[in-house]
Amino acid sequence: MDTMAAIRETFFQECEEQLGELEVGLNAMEEGTADSETVNAVFRAVHSIKGGAGAFKLDRLVRFAHTFETTLDLIRSDQLATSPAVMRTMLRSADLLADLVKASRSDHPVDEARVDALIAELKSLSENVKETPPAANASGGEAEGLDFQPVLLTLDDFGESEPQATRYAIKLIPAPDLYRKGNETVRLLRELSRMGDFRVECDARHVPTLDALDPEGAYLEWRVELTTAEDQATIHELFEFVVDDCELEIVHDRGGVVAPPEAGAPAAAAPVAPSVVASDVVSPVAAAPAAPAEPTESAEPIDSIDAAPPVAAGEPDKAKAEAARPEVVVSTPTIRVDLDRVDRLINLVGELVINQAMLSQRVLEAGLARSSSVAAGLGALEQLTREIQEGVMAIRAQPVKPLFQRMSRIVRELTDATGKVVRLRTEGEATEVDRTVIERLADPLTHMIRNAVDHGVERPEVREAAGKPAQGEVKLSAAHRSGRIVIEVSDDGAGINRQRVREIAIKKELIAPDAQLTDGEIDNLLFMPGFSTAQTVSSISGRGVGMDVVKRSIQALGGRITIASRPGHGSIFSMSLPLTLAVLDGMVVKVADQTLVVPLTAIVETLRPKAGDVHGLGVNARVISDRGGFVPLIDVGQELGYRRDSVDPVGSVVLIVETEVSTRCALVVDAIHDQRQVVIKSLEANYRQVPGIAAATILGDGRVALILDIDTFVARTNRSATAQETLLAAVG
Amino acid sequence: MKDTIVAAGGPREFIAFRIGVQEFCIDIMSVREIRGWTPATTLPHAPAYVRGVINLRGSVLPIVDLAERLGFAQTDESARQVIIVVQVGAQIIGLLVDAVSDILTLTTENIQPTPDVASDFVKSFVRGILAIDGRMIGVIELDGVMASETEAAA
């Protein structure tokens, strides 16, 4: 029973992957950037899910997947044009399929009405196709078709428009490659047998004796007599996956040669077959020297294997290129590993890094020369440790693609709900970042996408009035930039209505009515708690979560978020996040005998102040002049309670830091020791959160050092300073 | 918590240790290890009895000066002190004591209720008294140490 559960779990994991493929493919088709391989990939994805679901008796899933697959098959065979309306149905079906998979996984009920409605919709699509005779469809469908025009049939076929039974003699000589790519003759023959009256003969005379037999060779030849109402293109289609890997002859038994379907057949572009059978040959297809055979039969076809690319009509050039160079995409083998194991490994490597650093320090303390063999060995060890650490971290890194895919569904649902026409464009989906970052990014990103559609993009009529295309665009992009990942959500909407933002902020008493704010400062008001600009609280973005929550979640990830907006042109929210939550680049500083780590990302510059730079301001406060401005000075040691009196900044070192809200502060420390990557250790695990401290780390000497949390640290000092001033004011 | 001591019959083992001249003990089941003193990194904004944090094989371990916690004068740090690493709930903390003196096997009958002379504050940690060979040993309930610590933080 346990094994069954495990297999089931694997099935669902694979479903996730297939659903991802499906979504990518459908999006490409919608955008018109798909090639025939994309359509096949989409079809295969649904087919695989159906197959797996059948094995687990998930009837509801099978039923829907089957209907979906049937309609997709029509697209694949170019009988159904990929009009925007059709694609919308397809995407909605993909969403429902994902929901059904999820529901089957957790045994949750599904909205049957929704399933039935979509099944009906899909059926009506496929019935429309069936009602229309192929010829009519060919001309009628083209108007709507984007890339996938129906296969052009030969005039001969058009002549006999009503389907009538025709006899074909089919000769199939598979090459070893056919099996190597996971295709299966038995499956092809089975399909053929469904088309009509079917007789098959196997020619085994080329099978060698056992000692000469190559287990991966192909020795069998098949001869089929088929009487069917289907036209020849349909038969051809059946072989489109294998056509490059076998010798195939389809002969019209009665009327001599049936001309190959024009641009539709890869055969047209394929090299000439070595054995051309007189003029009766329909489409001689070259392949590896045919050594016919039939290796062991596997029960299920392998769907994910990349078959020889079939060809979309209307792209003959590309078709030729593809047929001439059958692409074999070798996918790198992968394994599934329990996340706990990876985390344990990461922890251990963290310890290793610390231990290695400790060892280096001890060796140094022991007074060994740097040139000694021990030191050299340690150097090599350090190198290795670093590499192991990077390697292990890379295991946790994952592309942001699944996250982005989720967003495209959200945009789709929103466009349905709001009546706005919005397209989501994604960039840099392959950008990799730590799994935890991806997981914790989902909610804030969802919220920002919702905001972009709901508040950013205008209604179509408003857009047209402003001279913009009716379809709005929301762009989601990811990129690596200087050791961090930058994710941007931008829209081409109206931009931030600063006047309104200001009014609301005043109304909600977030700012004083006479406050002088720059545009940037007004934009940043959006991040203030309790701020919501939606005039009517919609069910979409008005869920009680404001941008302040988004900002907090981003900060909790060690990231920062900024807004840029141009009225009439849209807004850009950009988030910069660390690639991993396990390590941090920091500056190791000394403060009153304690060692602290300051995150490098917060530090703008370091300096040694001269006597004239520091000015007193009021009783306790001091500022330092920096680049023409004045920045408040904070004595870190005093603030953290390490010493009672503040030190003289002159002669100390000052770190100019910038917080998330772009306020600058000057931190006074005693000395800078080092700049290095540190492994982040939680303080909360065994203790609790400490204000002003983000986490702890373990230094080379084995001692714990605290990592400053610049934002809360500065905010805290400001607060205590205000309290002090109020107190002073009350006293004075 | 008092109930757990009384309710669980049968012999149980306790680790006894010294703080100044007084002796205390804790249930051996909550003790993870005993290790020598290491200098701790001071934590800002922490109660006085939290000495700081140390590195215990890669995890960050807070050190509670038990003397300070019980209201004695703060013990001077010395290399002769001992850290008893204990598990309290999901957390692991280190208790700084002067020395570990004994391992005691006793039944619940050996435990007497804390006399009324003690202040409520002390009573919140010391849940009973043991009398063995003329020594008096206070039984410390660890949940008390942590619960009040959270209060102190607020």
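Quick caveat: nothing in here was measured; it's all calculated off a predicted structure.

A. Molecular detail of the overall build of chain A. Of the regular secondary structure elements, chain A holds 22 helices and 22 strands. By the burial criterion, 46% of the 732 residues in chain A qualify as buried. Long-range contacts, defined here as pairs at least 24 residues apart, represent 71% of the contacts in chain A between residues at least 6 apart. Surface exposure of chain A reaches about 36200 Å², of which carbon and sulfur atoms provide 53%.

B. Geometry of the overall build of chain B. Scanning chain B from terminus to terminus reveals 4 helices and 11 strands. Counting every position in chain B, which comprises 154 residues, the buried fraction comes to 50%. In chain B, of all internal contacts separated by at least 6 residues, the share reaching a separation of at least 24 is 56%.

C. Region of interest: the interface of chain A and chain B. Facing 23 residues of chain A, the contacting portion of chain B comprises 23 residues. Summing the contributions of chain A and of chain B, the shared interface buries around 2000 Å²; its carbon and sulfur component is 54%. Summed over the three residues of chain A that lose the most area to chain B, namely A:Asn686, A:Tyr687 and A:Arg688, the buried surface amounts to 34% of that side. One can count 0 salt bridges joining chain A with chain B. Between chain A and chain B we count 9 residue pairs in polar contact (both at pLDDT 80 or more) in total. Elements represented by at least two residues in the side of chain A that touches chain B include exactly strand E21 (693-698) and strand E22 (704-708) of chain A.

D. Molecular detail of the sheet that holds strand E20 (residues 671-679) of chain A. Residues and elements named next belong to chain A. Across the sheet, which stays open at both edges, the 5 strands sit in the order E20-E12-E13-E22-E21 with mixed pairing between neighbours. Unpaired on one side and paired on the other, E20 and E21 mark the two borders of the sheet. Looking at each pair of strands side by side, their axes are set apart by 35 degrees on average, direction ignored. Strand direction decides the pairing type here: strand E12 (residues 583-591) and E20, joined by 8 bridges, are antiparallel. Note on E20: the bridge partner recorded for Gly586 is Arg676.

E. Structural context of the pattern of salt bridges. Residues and elements named next belong to chain A. Across all of its chains, the model carries 39 salt bridges over all chains by this definition. For the salt bridge of Glu458 with Arg463, the shortest nitrogen-to-oxygen distance reads 3.0 Å. Of the two residues, Glu458 and Arg463, neither departs from the other in class, the shared state being buried. By sharing partners, the salt bridges in this structure join Glu23, Asp95, Asp99, Arg114, Arg409, Arg412 and Glu413 into a single network.

F. Expanded view of the confidence of the model for chain A. All names here are of chain A. Confidence in the prediction for chain A averages 75 pLDDT; 80% of positions are at 70 or higher. Within the model, the stretch residues 255-327 combines pLDDT values under 50 with 137 contacts to residues more than four positions away or in other chains. Every residue in residues 534-544 scores below 50 in pLDDT, and together they form 14 contacts with partners more than four places removed in sequence or on other chains.

G. Seen up close, a nonpolar patch on the surface. Where nonpolar side chains cluster on the molecular surface, the patch consists of A:Val207, A:Leu210 and A:Leu213 and spans about 270 Å² of accessible area. Tracing the backbone through its elements, the reader meets A:Leu213 in the loop between strand E2 (196-203) and strand E3 (221-228).

H. Inspection of the packing of aromatic side chains at higher detail. Residue and element names in this part refer to chain A. This model, assessed by the stated rule, comprises 3 aromatic pairs over all chains. Seen in terms of ring centroids, Phe11 and Phe12 are 5.0 Å apart; in terms of plane orientation they differ by 50 degrees. Their pairing is tilted. Residue class for Phe11 comes out buried when judged on its relative accessible area of 7%. Owing to a relative accessible area of 1%, Phe12 belongs among the buried residues under this scheme. Ring plane angle 40 degrees and centroid distance 6.0 Å describe the contact between Phe64 and Phe68, whose orientation is recorded as tilted. Taken together, the residues Phe64 and Phe68, both in helix H3 (residues 59-76) and 4 residues apart, mark about one turn of the helix. Each member of the pair, Phe64 as well as Phe68, is classed as buried. Chaining the aromatic ring pairs together yields one cluster made of Phe11, Phe12 and Phe56. In this arrangement the basic side chain of Arg76 is found over the ring face of Phe43, its NZ or CZ atom lying 3.9 Å from the centre.

I. Looking closely at the sheet that holds strand E6 (residues 422-427) of chain A. Residue and element names in this part refer to chain A. Taken together, the 5 strands give an open sheet; going across it, the order is E6-E8-E9-E11-E10, and neighbouring strands pair in mixed fashion. Edge positions in the sheet fall to E6 and strand E10 (560-566), since each has one partner strand and no second. Taking the axes of each pair of neighbouring strands and ignoring which way they run, one obtains an average angle of 15 degrees across the sheet. Examined bridge by bridge, strand E9 (residues 484-491) and strand E11 (residues 570-578) share 7 bridges and lie antiparallel to one another. Looking at the pairing, Ser490 lines up with Ile572 of E11. Of the strands in this sheet, E6, strand E8 (472-481), E9, E10 and E11 are in contact with helix H16 (residues 435-456), which crosses E9 at around 20 degrees.

J. A look at the confidence of the model for chain B. All names here are of chain B. A residue-level look at chain B finds 85% of positions with pLDDT of 70 or above and a mean pLDDT of 80. In this model residues 1-7 is a low-confidence stretch, pLDDT under 50, and it forms 14 contacts with partners more than four residues away in sequence or in other chains. Within the model, the stretch residues 148-154 combines pLDDT values under 50 with 12 contacts to residues more than four positions away or in other chains. Reported for the predicted complex are a pTM of 0.52 and an ipTM of 0.83.

K. Representation of unusual backbone geometry. Phi angles above zero are rare outside glycine, and A:Ala592 is one such case at about 45 degrees. With respect to the helices, strands and loops of the structure, A:Ala592 is situated in the loop between E12 and strand E13 (594-599). A:Ala592 gets classed as buried once you look at its relative accessible area, which sits at 19%. Although it is not a glycine, B:His45 adopts a positive phi angle of roughly 55 degrees.

L. Helix H15 (residues 401-418) of chain A, seen in detail. All names here are of chain A. Across its 18 residues, H15 extends 26 Å between first and last C-alpha, which sits within 8% of the 26 Å expected from 1.5 Å per residue. Among all positions of H15, only Leu403, Phe404, Gln405, Met407, Ser408, Arg409, Ile410, Val411, Arg412, Leu414, Thr415 and Thr418 are buried. At the C-terminal side of H15, Gly419 shows a positive phi close to 80 degrees.

M. Spotlight on the pairing of strand E1 (residues 12-19) of chain B. Here E1(B) lies mainly inside the structure; 6 of its 8 residues are buried. Following E1(B), the chain reverses through 2 residues before pairing antiparallel with strand E2 (residues 22-27) of chain B; B:Gly20 in that reversal takes a positive phi of roughly 60 degrees.

Quick notes on the rules
- Residues numbered from 1 in each chain as written.
- Chains lettered and ligands numbered in written order.
- Predicted model: local features only at pLDDT ≥ 70, side-chain atom pairs only at ≥ 80, totals over all residues.
- Heavy atoms only, no water.
- Helix = DSSP H or I, 4+ residues; strand = E, 2+ residues; numbered from the N terminus.
- Buried < 20%, exposed > 50% of the residue type's maximum accessible area, 1.4 Å probe, protein only.
- Contact = heavy atoms within 4.5 Å.
- Areas by Shrake-Rupley, 256 points an atom, 1.4 Å probe, with all protein chains shown as cover.
- Buried area = accessible area lost by both parts, 1.4 Å probe.
- Salt bridge = Lys/Arg side-chain N within 4 Å of Asp/Glu carboxyl O.
- Polar contact = N/O pair within 3.5 Å; in protein donor to acceptor, adjacent residues only side chain to side chain.
- Pairing = 2+ DSSP bridges.
- Axes fitted to C-alpha atoms, helices over the stretch in contact; angles between N-to-C directions.
- pLDDT = per-residue confidence, 0-100.
- Patch = residues over 30% accessible without salt bridge, like charges linked within 9 Å, V, L, I, M, F, W, Y side chains within 5 Å.
- Phe/Tyr/Trp six-rings, centres within 6.5 Å; stacked < 30°, edge-to-face > 60°.
- Lys NZ or Arg CZ within 6 Å of the ring centre and 35° of its normal.
- Expected span 1.5 Å × (residues − 1).

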